[in-house]
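Coordinate analysis (summary)
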Amino acid sequence: MSDCIFCKIIAGDIPAIKIHEDEQCIAFLDIHPVNPGHTLIVPKEHHANFLETPKELVAVIMALGQKLSPAILKAVGSDSFNFSTNNGRAAGQLIAHTHFHLIPRFPADGHKMWHGSDEHQDFAAMATKIREAVGSGE
Ligand code: AMP
Ligand code: ZN
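Residues numbered from 1 in each chain as written. Chains lettered and ligands numbered in written order. Predicted model: local features only at pLDDT ≥ 70, side-chain atom pairs only at ≥ 80, totals over all residues. Heavy atoms only, no water.

With that out of the way, let us pick up the site of ligand 1. Taken together, 16 residues sit near ligand 1, with D30, N86, G92, L94 and H101 positioned nearest. In the model, an oxygen atom of ligand 1 is placed 2.9 Å from a nitrogen or oxygen of the I95 main chain. Coverage of ligand 1 by the protein amounts to 86% of the 500 Å² it exposes when considered alone. A majority-of-atoms criterion places ligand 1 in the largest pocket. Going through the elements one at a time, α1 (5–11) and β2 (25–29) are the ones with two or more residues in the shell around ligand 1. The biggest single contributor to the shell around ligand 1 is α1, with 3 residues. (Near = heavy atom within 4 Å. Polar contact = N/O pair within 3.5 Å; in protein donor to acceptor, adjacent residues only side chain to side chain. Areas by Shrake-Rupley, 256 points an atom, 1.4 Å probe, with all protein chains shown as cover. 1 Å grid on protein atoms, 1.4 Å probe; cavity = no way out; pocket = protein on both sides within 12 Å on 5 of 7 lines; lining within 4 Å. Sits in = over half its atoms within 2 Å of the grid points. Helix = DSSP H or I, 4+ residues; strand = E, 2+ residues; numbered from the N terminus.)

Written out as structure tokens, the structure reads:
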């Protein structure tokens, strides 16, 4: 896709600090790292987000995450990491080309996960709604 920054990196039109490349994927350091070693794993084929990515390719990305994470952790001296994707604007997705963040974590790195709510929720009604949506293929 011509106006996609990650497609441009894949094409070699703009630079990136690559740590891995194969036929289907590329992995490079995030330009604004959350922590040292913050890596993006990106399929070469352009898909706008996780949901639009063929499941076979998702499996390839997951396998590459498993392969690269021990090396990244070794390089930065960490034993923990987050491996996740932001899907949609409200979730923080800025670049509309599927990518997974592999972020090494450290005990005192100051990054907090989001907090769960203690407020009453109608879990049964929510579960029914979701099951119905799954059942209808939505
Ligand atoms: P997201 O918010 O999930 O779409 O993540 C996009 C990520 O891409 C951000 O963490 C950015 O710092 C990173 N990023 C943007 N442009 C570049 C670039 N040219 N090279 C490396 N990482 C980039
Ligand atoms: Zn792209």
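In the first shell of the zinc ion (ligand 2), the protein supplies C4 (SG), C7 (SG), H46 (ND1) and H97 (ND1), at 2.0 to 2.3 Å from the metal. Taken together, the 4 donor atoms coordinating the zinc ion (ligand 2) span angles of 103 to 117° at the metal, a pattern that classifies the geometry as tetrahedral. Mapping the donors of the zinc ion (ligand 2) onto the primary sequence yields the spacing C-x2-C-x38-H-x50-H. With C4 in the segment before α1 and H46 in the loop between β3 (39–43) and α2 (55–76), this pair connects stretches of sequence that are 42 residues apart. (Donors = N, O, S within 2.8 Å, 3.2 Å for Na, K, Ca; no water. Tetrahedral: all angles 85-135°; square planar, octahedral: opposite > 155°, others 65-115°.)

Attention shifts here to the pattern of salt bridges. Side chains that differ in charge, positive against negative, can pair when their charged atoms come close. According to the stated counting rule, one finds 3 salt bridges in the structure shown. For K44, the salt bridge goes to E21, with nearest N and O atoms at 2.9 Å. Of this pair, K44 sits in the loop between β3 and α2 while E21 is found in strand β1 (residues 18–21), placing the two residues 23 residues apart along the sequence. By relative accessible area, K44 is classed as partly exposed at 24%. Assessed through its relative accessible area of 40%, E21 is described here as partly exposed. Between R105 and D109 there is a salt bridge, with the nearest N and O atoms lying 2.7 Å from each other. The exposure class of D109 is buried, given its relative accessible area of 18%. (Salt bridge = Lys/Arg side-chain N within 4 Å of Asp/Glu carboxyl O. Buried < 20%, exposed > 50% of the residue type's maximum accessible area, 1.4 Å probe, protein only.)

One can find I19 in strand β1. When the C-alpha atoms of I19 and I41 are compared, they prove to be 9.7 Å apart, with 22 residues separating the residues in sequence. For I19, the residues in contact, after removing those within four places along its chain, are A27, F28, L29, T39, L68 and I72. (Contact = heavy atoms within 4.5 Å.)

Without other data, these values stay purely geometric and don't point to any function.
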